[in-house]
Amino acid sequence: MQVLVIGAGVIGLAVGRAAARRGHDVVIAEAAEAIGTGISSRNSEVIHAGMYYPSGSVRARHCVAGRRLLYAYCAEHGVPHRKCGKLIVATSDAELAKIETIAAQGRANDVEGLELIEASEAQALEPALSCIGALKSPETGIIDGHAYMLALRGDLEDAGGAIAFNAPVTRAGRKGSQWTVLFGGKDGGEFEFDAIVNCAGLGAQAVARSIADYPESRVPRLVLAKGNYFSCAGKPAFSRLIYPTPVDGGLGVHVTLDLNGRMRFGPDVEWIAHEGYTVDPARSDSFYARIRAYWPGLPDGALTPDYCGIRPKLTGPGEPAADFLIDAPAEHGLPRLVQMFGIESPGLTSSLSLAEEVASYLVD
Ligand SMILES: Cc1cc2nc3c(=O)[nH]c(=O)nc-3n(C[C@H](O)[C@H](O)[C@H](O)COP(=O)(O)OP(=O)(O)OC[C@H]3O[C@@H](n4cnc5c(N)ncnc54)[C@H](O)[C@@H]3O)c2cc1C
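These figures come from a predicted structure and were not determined experimentally. (Residues numbered from 1 in each chain as written. Predicted model: local features only at pLDDT ≥ 70, side-chain atom pairs only at ≥ 80, totals over all residues. Heavy atoms only, no water.)

1. Let's talk about the overall build of the protein chain
Note the threshold: Each helix is a run of H or I in the DSSP string that is no shorter than four residues. Each strand is a run of E no shorter than two, and both are numbered from the N terminus. Throughout, radius of gyration means the C-alpha value; the globule benchmark is 2.2 Å times the number of residues raised to the power 0.38. Summary of the burial criterion: residues with accessible area below 20% of their type's maximum are buried, those above 50% are exposed, and those between are partly exposed, where the area comes from a 1.4 Å probe applied to protein chains only. Two residues qualify as a contact provided that any one of their heavy atoms is within 4.5 Å of a heavy atom in the partner residue. Per-residue accessibility takes into account occlusion by the displayed protein chains alone, with areas from the Shrake-Rupley method and a 1.4 Å probe. Only four residue types enter the charge count, namely Lys and Arg as positive and Asp and Glu as negative; His and the chain termini do not. In plain terms, the charge of a residue is placed at NZ if it is Lys, CZ if Arg, CG if Asp and CD if Glu.
Along the backbone of the protein chain there are nine helices and 21 strands. Expected size for 364 residues packed as a compact globule is a radius of gyration near 21 Å; at 21 Å, the protein chain falls within 12% of this value. The dimensions of the protein chain, computed from C-alpha atoms along their principal axes, are 65 × 40 × 40 Å. The buried share of the protein chain, reckoned over its 364 residues, is 55%. Taking as baseline every contact in the protein chain between residues at least 6 positions apart, the subset at least 24 positions apart corresponds to 71%. Within the structure as shown, the protein chain displays about 14,500 Å² of accessible surface, and the carbon and sulfur contribution to it stands at 52%. Averaging the coordinates of the 33 positive side-chain charges in the protein chain and doing the same for the 42 negative ones gives two points 1 Å apart.

2. Side note on the side chain of Thr140
So the rule is basically this: Nitrogen and oxygen atoms within 3.5 Å of one another constitute a polar contact, given that in protein one can donate a hydrogen and the other can accept it, and given that sequence-neighbouring residues count only through two side-chain atoms.
Assignment of secondary structure puts Thr140 in the loop between β7 (133-137) and β8 (141-143). Here Thr140 falls in the buried class, since its relative accessible area comes to 0%. Within polar-contact distance, the side chain of Thr140 engages the side chain of Ser137 at 2.7 Å. For Thr140, the contacting residues outside a window of four places in its chain are Val46, Ile47, Ala49, Met51, Tyr71, Lys83, Cys84, Gly85, Lys86 and Leu241.

3. Some details on the sheet that holds strand β2 (residues 25-29)
Sheet strands pair by backbone hydrogen bonding; their relative direction is either parallel or antiparallel. Filter applied, for reference: The rule for pairing is simple: two strands pair if DSSP sees at least two bridges between them. For helices, the fitted line uses only the C-alpha atoms of the stretch in contact; every axis is such a line through C-alpha atoms, and the angle between N-to-C directions lies from 0 to 180 degrees.
Ordered in space as β9-β2-β1-β13-β21-β20, the six strands form an open sheet in which the pairing is mixed. What marks the edges here is a single partner per strand, and that holds for β9 (162-164) and β20 (325-327). With direction set aside, neighbouring strand axes in the sheet form an average angle of 15°. On top of the sheet, helix α1 (residues 10-21) reaches β1 (2-6), β2, β9, β13 (195-198) and β21 (337-341); it is set at about 170° to β2, its chief contact.

4. Observations regarding the pattern of salt bridges
Pairing between side chains of opposite charge can happen when their charged atoms approach one another. The condition that has to hold: Between Lys or Arg on one side and Asp or Glu on the other, a salt bridge is scored when a side-chain nitrogen of the former is within 4 Å of a carboxyl oxygen of the latter.
Tallied over the entire structure, the rule returns 25 salt bridges. In this structure, the salt-bridge partner of Glu139 is Lys83, at a minimum N-O distance of 3.0 Å. Of this pair, Glu139 sits in the loop between β7 and β8 while Lys83 sits in the loop between β4 (81-82) and β5 (86-90); the two residues are 56 residues apart in sequence, bridging distant segments of the chain. Note on Glu139: relative accessible area 17%, which makes it buried. Here Arg240 makes a salt bridge to Glu126, at a shortest N to O gap of 2.8 Å. Taken together, the positions of Arg240 in the loop between β14 (223-232) and β15 (241-243) and Glu126 in the loop between α4 (119-125) and β7 put the pair 114 residues apart, joining distant regions of the chain. Exposure class is identical for Arg240 and Glu126. Each is buried. A cluster of three or more residues bridged by salt bridges with shared partners is formed by Arg67, Arg68, Lys83, Asp110, Glu112 and Glu139.

Have a look at this one:
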């Protein structure tokens, strides 16, 4: 089958790889000039264990399965990563109850090794930490997201797939048993494919609207939730990831570590109307307050605006978090079309597992 994957972020690359390895002839069309320039290069690069998501949700299933696949993939392909573990910390009685709920949800989701620990044990692990108890997650880790995407690209190309850059998809529709797709860009034009997978991230809704016959009523709302990061000068105060309890729309301003030994804080949740990537330095005020709840030693003036990413959410402030949405032919009735919406966190962790599910829908 000739398969068009739209978007060369981590999801499109993983889907393209999985489809090519099943013997399909795969082209990934990417509007930008390189892989991973969208959400996939603006995240925390955390391999999530999978304890936050409701039982039976798409996110719970793919985060846990994807995490296991991802560690094996990194080991096999030499992708830099570190299973550094994480602590979710409680600083009040209400938060203690929250981490107990997260621990129970994690066990229900089949997350290995979760352990509720006393403050003294948490402080023995991380002396700079202030808390009254913590949930220890040994399976959480960090990854070099770009090296991972390069490895996926290599696999795709080894299996005969290709990426077309500067190739924005502008319109698609059925013609006989084929999909006809119109591309913009300087080498644009009309081409035919047997199947289409929409992995366009923040552009997924626009792409879905450009596909004739796909009902407008099926295109979910796109809600933008920016996550800002601040870097922290000096030697990291922690050796594991430290998370507060989750907040509306995100996991809370946490300590992220990268593989180069740098420490940063974020992402917060800033609901925005239009895409934009500047980090407002004034947001650091709220960061200091939130971080000092678990790290009182954060020095004044240590935080510097770093980067930000935008979550492609399907629900807004105060509403229950939406699940990943995979709209497949069995649901919408159009042959060989798969649309992916709302692939926010933990999309990076889930990518290999999500890709297997999507590739399984590429049948006649
Ligand atoms: C702040 C933040 C922190 C996160 N932290 C983590 C984390 O620690 N761990 C984790 O597992 N996940 C995390 N995530 C989630 C993860 O980053 C995403 O789920 C993942 O990167 C989504 O990848 P994608 O391929 O769907 O989107 P993208 O990477 O955005 O790729 C989509 C691509 O489609 C292209 N495109 C758009 N429209 C068109 C068109 N018409 N034609 C052709 N191409 C088009 C775009 O140019 C883009 O390259 C985080 C997300 C955010 C925002």
